[in-house]
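Now for the letters of each chain:
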Amino acid sequence: MIDVLSGIIDTDKGKDIVRLGLVRDLRVTEDDVSFTIFLKDPGRPFAFEVESICIDAIRSEFGSEMQIQVKMDNEMIGLGDLTVDGDKGAQALGDNVLNTIAVASGKGGVGKSTVAVNLAIALARQGYEVGIMDADIYGPSIPTMFGIEGARPNVNQNRQIVPIQKYGVKVLSMGFLVDPDKAVIWRGPMVSSAIKQFLGETDWGDLDFLIMDLPPGTGDIQLTIVQTVPLSGALIVSTPQRVALADARKGVAMFEQVNVPVLGIVENMAYFTPPDLPGRKYYLFGEGGAKALAAELGIPVLAELPIDESLRRSCDEGEPVSATGYKLFEDLAVSVARVVAVRNATKPTSKKIDILRR
Ligand SMILES: Nc1ncnc2c1ncn2[C@@H]1O[C@H](COP(=O)(O)OP(=O)(O)O)[C@@H](O)[C@H]1O
Ligand SMILES: [Mg+2]
């Protein structure tokens with residue numbers, strides 16, 4: 001179903017309706033389907049055609065017996081973009097950033113930045129508009145991994161920061177703005193306001209995905225950040241060790257506390273395959289831990305990445321493996337785009353604020 005709806009292009013925007021987040025409340029059973037088309041700007045021609053286009057597409061794929069219920073919803077009640085919890089702060093980013101995904105980990109050094117960077121590049125290679133924001137103020141490593149250390153972003157006529165483009169990705173790092181040595185003494189609210197300002201005053205243009213590399217840990221700072229930015233979902237990176245998994249669990253709990261859906265776990269350094277024994281997988285840190293944790297929490301494992309020297313070297317040298325194509329990150333990008341599309345399509349239309357209740 002998602003695939004059929006993903007094939008429908010919003011003619012005014014040139015992107016499909018799932019990617020644009022127009023499909024909500026999607027429910028599918030064997031012989032019936034219902035969903036809501038949610039339009040922010042219902043005055044345009046496409047708004048009048050979309051319902052029949054959807055019905056035709058579904059019938060031609062699933063047959064004319066299919067019961068289809070399409071509800072049209074819009075924000076024409078004069079309240080503009082006011083929405084309840086979960087979307088708060090969205091104003092800071094504007095309508096042009098469709099999905100914001102945090103990459104988080106309980107522990108440092110598990111490969112969070114490696115995953116964030118390669119995922120961003122892989123998504124860009126698949127034709128998405130992608131930005132990456134390095135919110136790890138204490139150890140910003142995104143500039144190094146993109147090979148743009150010491151770069152200084154420009155400011156445009158509207159006094160907005162212009163991210164640096166590399167490998168098809170718009171890159172911004174807190175490292176461009178603050179000295180990590182000084183940031184160490186910052187407290188949660190300071191980090192939060194710096195990030196808010198940074199995000200709000202940046203010329204991102206149209207983005208399908210904004211990937212945020214969070215500082216490691218699940219403490220106050222992380223909690224403040226995830227409350228600052230309107231997040232569509234989070235990815236938790238963990239290594240297979242028991243301690244790392246215990247911290248990953250805390251990460252999941254943190255996002256649940258603020259109602260941010262955890263999209264899945266990425267297990268990094270899961271196994272080692274010697275170059276001369278390409279068929280072998282040695283699970284040096286233990287096997288199956290992430291799968292068990294994911295099953296327990298009801299979230300998917302979206303990737304299992306090997307210990308791979310080329311991964312490390314490529315990032316150190318500022319030329320991540322994804323820039324030239326790396327199968328596992330390409331697969332991860334497909335999975336992430338898919339879970340986000342499903343999430344967006346099945347989430348309820350944002351409730352309007354009740355003016356009388358104040
Ligand atoms: N799968 C991997 N194989 C080999 N080295 C890796 C892998 N993932 C990460 N690394 C290396 O481990 C170190 C820590 O990774 P990094 O992404 O900076 O972690 P974090 O952002 O979680 O602190 C880096 O030197 C990185 O190149
Ligand atoms: Mg990092």
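All of these numbers come straight from a predicted model, not from anything done at the bench.

Concerning the nonpolar core
Generally speaking, a soluble globular protein has its nonpolar side chains buried in company with each other.
Okay, step 1: Within the largest apolar cluster, 97 residues are counted, with the highest numbers of intra-cluster contacts made by V103, L119, A120, I211 and A234.
Okay, step 2: The greatest single-element share of this core, amounting to 9 residues, is contributed by helix α4 (residues 112-125).
Okay, step 3: Counting contributing residues, this core receives three or more from each of domain 1 (2-74) and domain 2 (90-334).
Okay, step 4: When sequence neighbours within four positions are dropped, the list of residues in contact with V103 reads K112, V115, A116, I211, M212, D213, L214, L235 and V237.

Digging into helix α12 (residues 327-346)
Count 3.6 residues to each turn of an α-helix, and residues three or four apart come out pointing the same way.
Okay, step 1: The terminal C-alpha atoms of α12 lie 29 Å apart, and with 20 residues this matches the ideal 28 Å at 1.5 Å per residue to within 8%.
Okay, step 2: Burial in α12 covers these residues: F329, L332, A333, V336, A337, V340, A341, N344 and A345.

Considering the sheet that holds strand β6 (residues 97-104)
Okay, step 1: Sheet architecture is open: 8 strands sit in the order β10-β11-β7-β12-β6-β13-β14-β15, paired in mixed fashion. Strands with a single pairing partner mark the edges of an open sheet, and in this sheet they are β10 (164-166) and β15 (301-304). Neighbour-to-neighbour, the strand axes of this sheet turn through a mean angle of 25°, independent of strand direction.
Okay, step 2: Lying over the sheet, α4 contacts β6, β7 (130-134), β11 (169-173), β12 (207-213), β13 (233-238) and β14 (262-267), oriented at roughly 170° with respect to β12.

Considerations on the pairing of β12
Okay, step 1: The buried fraction of β12 is high, at 7 of 7 residues.
Okay, step 2: Pairing of β6 with β12 involves 6 bridges; the strand directions are parallel. Considered in β12, the bridge of T100 is made with L210.
Okay, step 3: Strand direction decides the pairing type here: β7 and β12, joined by 5 bridges, are parallel. Residue pairing in the sheet places G131 in a bridge with L210 of β12.

A closer look at the environment of G217
Okay, step 1: Looking at where G217 falls in the secondary structure, it is placed in the loop between β12 and α8 (220-228).
Okay, step 2: Taking the C-alpha atoms as reference, G217 lies 7.8 Å from A104; in sequence the two are 113 residues apart.
Okay, step 3: Among all residues touching G217, those that are not within four sequence positions of it are G106 and Q222.

Examining the site of ligand 1
Okay, step 1: Around ligand 1, 18 residues are found, and the nearest of them are G111, K112, S113, T114 and R312.
Okay, step 2: Within the residue set of the shell around ligand 1, elements represented by two or more residues are α4 and α11 (309-316).
Okay, step 3: Of the residues assigned to the shell around ligand 1, the class counts are 7 nonpolar, 8 polar and 3 charged.

What counts, and where the lines are drawn
- Residues numbered from 1 in each chain as written.
- Chains lettered and ligands numbered in written order.
- Predicted model: local features only at pLDDT ≥ 70, side-chain atom pairs only at ≥ 80, totals over all residues.
- Core = buried A, V, L, I, M, F, W, Y, C linked by C-beta atoms within 7 Å.
- Buried ≥ 20, exposed ≤ 12 C-beta atoms within 10 Å, placed from the backbone.
- Helix = DSSP H or I, 4+ residues; strand = E, 2+ residues; numbered from the N terminus.
- Domains from an automatic or database assignment.
- Contact = placed C-beta atoms within 7 Å.
- Expected span 1.5 Å × (residues − 1).
- Pairing = 2+ DSSP bridges.
- Axes fitted to C-alpha atoms, helices over the stretch in contact; angles between N-to-C directions.
- Near = placed C-beta within 6 Å.
- Nonpolar A, V, L, I, M, F, W, Y, C, P; charged D, E, K, R; others polar.

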